[in-house]
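# Fold and geometry: a report
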Amino acid sequence: MGETTKERSRRSTAFVLLVVLLVGCAAFSAPVAAQSETRTGGTITIGPDETVGSLNAFGGTVVVEGTVTGDVSAAAGDVRIDGDVGGDVEAGAGSVMITGDVGGDVNAATGGLEIAEGATIGGSLAAGAGSVTIDGTIDGDAELGAETTTLGEEAAIAGDLRYGGDLQGNTDAVAGEIEYDSTLGGEWTPTFEPISSLLASAYILALNLLLGAALLAIFPRFSDSVAGQVSQKPVRSGLVGLGVLIGVPLLLIALAITIVGIPFSLVGGLLFALIIWIGIIYGRFAVAAWLLSAGGVDNRWLALVVGLVGGALLAQIPWIGGLLNFLFFLLGLGALALALVQHRRTSREQRHEQEPQPYSHRSNFQ
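Residues numbered from 1 in each chain as written. Predicted model: local features only at pLDDT ≥ 70, side-chain atom pairs only at ≥ 80, totals over all residues. Heavy atoms only, no water.

Taking an unreviewed UniProt entry as the reference, the protein is identified by name as DUF583 family protein belonging to Natrialba magadii.

Right, here's the structure in full:
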């Protein structure tokens, strides 16, 4: 049987949305890729003619010879900044050497830190180290917890110097005040906020993929039913999802007010949190399944991966990404509720059909 005009229109609309989504993700991913680099390996090098927006690096050796316009966060055996860094440098390493220019602050936890002659730090320097040697220029303050701090003849610190341990060398290099602080030691460690954020996002994505795979493997027909609700009744699914999101918390609050219902309210809250999580996963899965099917691809496992990875990418886009993911969530939550109601109705009808029907004497005379 051929497709109706309405069905062809719906498929065409879904396919256009898929193209728009893919183009949008590609357009967003391109500048992100240009802006941020995450690299791992034995030796990580930003070459002399290479420019990146920011760098998150895990490796044996990290060398920046080119230009990083943003921040550098590095965890390595050795870190060397020979080029230009426009933002801050955070490094946890066996040794850190800076011979180039850093526009922002430098925070380091290392065995040995050296700011070489000709190097400049536009912000402040904070370090916990076994030894610190400064022969370059620091435009801000310096806070150094080290066993030995040595100021070379070419050193210049425009702000104040707070140090712990032994201070040696050219103390005239400090334009501000010099203060000894016995509490400063080598215990300072960098925060690595960009790296932590990246790892947290990857962890959440992995958990979502794991739960989504379990749902598809254990409840394949029900999962298809949820996806069908979104593709066939998107408006209804979204409105039902909004109703569930508002109504269930109100019901749980009403239960808690009764005092006797507090235990039920607590258990219900935990179950609702799980349903919220499942709704997020089903929403992204269902939208991806709908868009992929419009392009002639019917694969629930591919839809799961595309939906969750796409949702994670969208989450990085301010405002628009959050709004789209919220809409996907409402679709998933509403479709889940509708699919549960449909499943219950179908089960009830099947049980009713299996029950023995009462014998009718009257039927013999008709």
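### Overview of the sheet that holds strand β8 (residues 101-102)
Taken in spatial order, the seven strands line up as β2-β4-β6-β8-β10-β12-β14 in an open sheet, and their pairing is parallel. Each end of this open sheet is capped by a strand with a single partner; those strands are β2 (51-52) and β14 (156-157). Alignment of β8 against strand β10 (residues 120-121), held across two bridges, turns out to be parallel. The partner of Asp101 across the bridge, within β10, is Thr120. (Pairing = 2+ DSSP bridges. Helix = DSSP H or I, 4+ residues; strand = E, 2+ residues; numbered from the N terminus.)

### Digging into the confidence of the model for the protein
With 82% of its residues at a pLDDT of 70 or more, the protein shows a mean pLDDT of 83. Counting contacts from residues 15-21, a segment whose pLDDT is below 50, to residues more than four positions away or on other chains yields eight contacts. (pLDDT = per-residue confidence, 0-100. Contact = heavy atoms within 4.5 Å.)

### Quick look at a negative patch on the surface
Taken together, the side chains of Glu117, Glu153, Glu154 and Asp172 define an acidic patch exposed on the protein surface. By the element assignment, Asp172 lies in the loop between β15 (161-169) and β16 (178-180). (Patch = residues over 30% accessible without salt bridge, like charges linked within 9 Å, V, L, I, M, F, W, Y side chains within 5 Å. Areas by Shrake-Rupley, 256 points an atom, 1.4 Å probe, with all protein chains shown as cover. Salt bridge = Lys/Arg side-chain N within 4 Å of Asp/Glu carboxyl O. Lys, Arg positive; Asp, Glu negative; His and termini not counted. Charge placed at Lys NZ, Arg CZ, Asp CG, Glu CD.)

### Re the nonpolar core
In this structure, Val79, Leu125 and Ile134 are the most contacted members of the largest nonpolar core, which totals 43 residues. At the level of elements, β1 (36-46), β3 (54-64), β5 (72-81), β7 (89-98), β9 (106-115), β11 (125-134), β13 (142-151) and β15 are the ones that each hand at least two residues to this core. Formed by 27 residues, the second largest nonpolar core is a distinct cluster that contains Leu215, Leu216, Ala288 and Ala335. (Core = buried A, V, L, I, M, F, W, Y, C linked by side-chain atoms within 4.5 Å. Buried < 20%, exposed > 50% of the residue type's maximum accessible area, 1.4 Å probe, protein only.)

### Comments concerning the layout of surface pockets
By volume, the second largest pocket amounts to about 530 Å³. Of all the elements in the fold, those that place two or more residues in the lining of the second largest pocket are α2 (193-218), α3 (220-232), α5 (262-294) and α7 (320-354). Ranked by residue count, the leading element in the lining of the second largest pocket is α7, at eight residues. (1 Å grid on protein atoms, 1.4 Å probe; cavity = no way out; pocket = protein on both sides within 12 Å on 5 of 7 lines; lining within 4 Å. Points joined across faces, edges and corners; volume = space filled by probe spheres on them.)

### Notes on α5
Helix length check: α5 (33 residues) gives 47 Å between terminal C-alpha atoms against 48 Å at 1.5 Å per residue, within 8%. With its phi angle positive at about 85°, Gly296 sits one or two positions after the end of α5. (Expected span 1.5 Å × (residues − 1).)

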